[in-house]
Amino acid sequence: MLGTVAVVMAGLAASANPTRPRQNTSYKGVTVDFWNTTGHDLPGAKRKMPWEMVATYPDELIFAEHPDTPRVRNPDGSVTASFYSSLRELLPGEVVFTDPDRTKIVMPEGDIVISSVEADVVDADKKPVPLSEVYLHHWILLDKEHPNDGVCGGYLKYIFGVGAETRTTPYNFAKYKDTNYGWFTNSKKDHWTANIHVLRTVNVDPDLNGGLKGCIECHGPNRWCHLEGGFPCCPDHSFCPTVKTGTPSDNPKQYYFHYKVTYFEQSDPTTKQAANYILDVSHPSCNIEYNIPTNADGIDEATITTTLPHDTRFFQLWGHIHIAGYNLTLYHGDSTAAKPICTSSPVYGTEPNKVGNEKGYVVKMTKCLFTDEPYVIKKGEKITLQALYNVGPEDTRTWNTGFHDGVMGLWFMGGEKCATPGCENEDDGPRKIE
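If you're wondering where the values come from, they're calculated on a predicted model, not measured in any experiment.

A. Main features of the overall build of the protein. Along the backbone of the protein there are one helix and 28 strands. Split into buried and exposed, the 434 residues of the protein put 57% on the buried side. The long-range share in the protein, meaning contacts at least 24 apart out of those at least 6 apart in sequence, stands at 78%. Within the structure as shown, the protein displays about 18400 Å² of accessible surface, and the carbon and sulfur contribution to it stands at 51%.

Written out as structure tokens, the structure reads:
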């Protein structure tokens, strides 16, 4: 492991670079004037990030913008800012699973309205790497001071986050009519942290612990856990079994977690606070993940019935599912016999090692938009979420067949909490700013 991470990051293409105040970064008692001390006026090869100026521990992630990375002014008036981490150097088979209590992330300064967050893993040259090289199991961004609207607790109170599909399926809020919905921040109170789970899956031994399948599903028991599988079986600094190949892939390599935040200023009257619910199909209740055995039918069905705490009109619904998943469906009632509201399906990649289309991996999730007519769910009405997985011996979509450990069935619901009973007389005009 390297004690001090050094990397030079070039800028992203941009149509404009909005003016922003000087940003200071305090780390380990050292205050870094981000635009001066780090060498804003120096040639790119000599510019430094905050973590390059202070010795860091190998498992610490520090996040920052680079002086060469301009923010992008989008046609709709929003701004996109890019942030990079000091992600550790990884050996083949090595796992990163960050502690959200220690992993503080950076957001654009000031009070803003976040409309979208997307993420990926890049190499030292800022190039995205395929899921077959580094598997981005999941990433979540939390703010204990302003959690989501329900219905679970714990880590599932997070605000933004998905999994391997993140490059093509950002966590965003849909626009409705002339209103840009998003998550309002409070720079004086917010405390943003992250849980990031990635695995470097090159050179995984196909004959030990389930091979690649066992690696990305965190099979157990192993030296780190006595369970059948799940998060406890692949903690931070753990390893999937690997083999030596005599090639450069045997060597450690540095990767960086990269995320982009698209936001509006709160002074923009077209913005409103979004409703943000996350449902979880796992049992007994909001367990985040679950294990599924094989069965004679070759299909596993999991369902959960719940209610929402507010009358809400929704503009966008979609799900998160792992490899071998068929789909997730939300029903308006207390069973799957009720009216289906939305089905979100995975798209599987078809090209080996192709970034964004990795063969056999989930590379996208479909979304349901209700931007012509919002879908209303009233407080206390029963809704049922269903997740279907293939647990049979064959699957033409992927190499990952049979039983599965540590799968997920999460459901994301973006809209607006209604000001009138049953959402029958909502004001679609601009937000009044005093």
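B. Representation of the sheet that holds strand β21 (residues 339-344). Across the sheet, four strands lie side by side as β18-β26-β20-β21; this open sheet has antiparallel pairing. The strands lining the two open edges of the sheet, one partner per strand, are β18 (299-306) and β21. The average angle at which neighbouring strand axes cross in this sheet is 20 degrees, direction not considered. Two strands pair when backbone bridges link them, and β18 and strand β26 (residues 383-390) are joined in this way by eight bridges, in the antiparallel orientation. By the bridge assignment for β26, E301 is matched with L388.

C. Seen up close, the state of the cysteines. Taken as a whole and judged by the stated rule, the model has six disulfides. Across the disulfide, C342 is cross-linked to C368 (sulfur-sulfur distance 2.1 Å). Judged by the sign of its S-S torsion, about 90 degrees, the cystine formed by C342 and C368 is right-handed. Of this pair, C342 sits in strand β21 while C368 sits in strand β24 (residues 367-369), and the two are 26 residues apart along the sequence. The pair formed by C342 and C368 is uniform in burial state, with each residue classed as buried.

D. Broad picture of the nonpolar core. W139, F160 and M413 are the most contacted members of the largest nonpolar core, which has 100 residues in total. By residue number, the principal contributor to this core is strand β9 (residues 134-143), which donates seven residues. Those residues within four positions of F160 in sequence are excluded, and the remaining contacts are I114, V117, W139, I140, L141, Y171, F173, W183 and W192.

E. Looking closely at the pairing of strand β14 (residues 253-265). Extensive coverage of β14 is indicated by the burial of ten of its 13 residues. Where strand β5 (residues 79-85) lies against β14, six bridges are found, and the strand directions are antiparallel. If you follow F83 over to β14, its bridge partner there is Y259. Where strand β6 (residues 89-90) lies against β14, two bridges are found, and the strand directions are antiparallel. What sits directly across from L90, in β14, is K253.

F. The arrangement of the environment of H197 in detail. Residue placement: H197 occurs in strand β13 (residues 192-200). Its relative accessible area of 0% is what places H197 among the buried residues. Taking the C-alpha atoms as reference points, H197 and G163, separated by 34 residues in sequence, lie 9.0 Å from one another. Non-local contacts of H197, meaning those with residues more than four positions away in its chain, are made with V95, V96, F97, Y135, L136, H137, H138, C218, F231 and C234.

G. Looking closely at the confidence of the model for the protein. Averaged over all residues, the pLDDT of the protein is 87; the fraction at 70 or higher stands at 85%. pLDDT under 50 marks residues 1-58. Its contacts with residues more than four places away, or in other chains, come to 142 contacts.

H. Highlighting empty space enclosed by the protein. Counting across every chain of the model gives four cavities of 30 Å³ or more. Considering only enclosed or pocket space, the largest cavity measures out at about 70 Å³ in volume. What lines the largest cavity is simply Y135, H137, I216, E217, H322, I323, N400, D405, G406 and V407. Going through the elements one at a time, β9 and β27 (404-407) are the ones with two or more residues in the lining of the largest cavity. The leading source of residues in the lining of the largest cavity is β27, at three residues.

I. Seen up close, the sheet that holds strand β10 (residues 160-163). The strand order across the open sheet built from four strands is β7-β13-β9-β10, with neighbouring strands paired in antiparallel fashion. At either end of the open sheet lies a strand with only one pairing partner, and these are β7 (95-97) and β10. Neighbour-to-neighbour, the strand axes of the sheet open up by a mean angle of 15 degrees, direction not taken into account. Taken together, the three bridges between β7 and β13 define a ladder with antiparallel strand orientation. If you follow V95 over to β13, its bridge partner there is L199.

J. Structural detail: the packing of aromatic side chains. Overall, the coordinates contain 19 aromatic pairs when judged by the stated rule. Relative to F231, the ring of F97 lies with its centre 5.4 Å away and its plane at 50 degrees, an arrangement referred to as tilted. On the criterion of sequence distance, the pair formed by F97 in strand β7 and F231 in the loop between α1 (211-216) and β14 is long-range, its members being 134 residues apart. The residues F97 and F231 share a single accessibility class, namely buried. Ring geometry for F160 and Y171: centres 5.6 Å apart, planes at 80 degrees, overall edge-to-face. Linking F160 in strand β10 with Y171 in strand β11 (residues 171-172), this pair joins segments that are eleven residues apart in sequence. Through pairs of rings, three or more aromatic residues link up here, namely F160, Y171, F173, W192, W318 and F412. Positioned over the ring face of F403 is K213, at 5.0 Å from the centre of the ring.

Criteria and thresholds
Here the residue index of a chain counts from 1 through its sequence in written order. Residue-level local features of this predicted model are given only where pLDDT is at least 70; pairs of side-chain atoms are given and counted only at 80 or more, and the full residue set underlies all totals for whole chains, interfaces and linings. Processing note: side-chain calculations cover all non-hydrogen atoms of the structure and skip hydrogens and water entirely. To qualify as a helix, a DSSP run of H or I must reach at least 4 residues; to qualify as a strand, a run of E must reach at least 2; elements of each kind are numbered from the N terminus. Each residue is placed in one exposure class: buried if its accessible area under a 1.4 Å probe, protein chains only, is under 20% of its type's maximum, exposed if it is over 50%, and partly exposed if it falls in between. Residues count as neighbours in contact if any of their non-hydrogen atoms are within 4.5 Å of one another. Only the protein chains shown count as covering a residue, and every accessible area follows the Shrake-Rupley method with a 1.4 Å probe. Note on pairing: DSSP must find at least two bridges between two strands before they are called paired. Axis definition: a line fit to C-alpha positions, over the contact stretch in the case of helices; interaxial angles, taken between N-to-C directions, run 0 to 180 degrees. For this text, the term disulfide refers to a pair of cysteine sulfurs within 2.5 Å. Joining through side-chain atoms within 4.5 Å is the link that ties buried Ala, Val, Leu, Ile, Met, Phe, Trp, Tyr and Cys residues into a set, and such a set is a nonpolar core. Confidence per residue, as judged by the predictor, is encoded in pLDDT with a range of 0 to 100. A cavity here means a set of 1 Å grid points, computed over protein atoms only, where a 1.4 Å probe fits but cannot escape. A pocket is an open set with protein on both sides within 12 Å along at least 5 of 7 lines, and lining residues have an atom within 4 Å of a point. Grid points are joined across faces, edges and corners, and a volume is the space filled by probe spheres set on the points. Stacked, tilted and edge-to-face are the three classes applied to pairs of Phe, Tyr and Trp rings, where Trp contributes its six-membered ring and a pair requires centres within 6.5 Å; stacked means planes under 30 degrees apart, edge-to-face means over 60, and tilted covers the rest. Placement of a positive charge over a ring is assigned whenever Lys NZ or Arg CZ falls within 6 Å of the ring centre and within 35 degrees of the normal to the ring plane.

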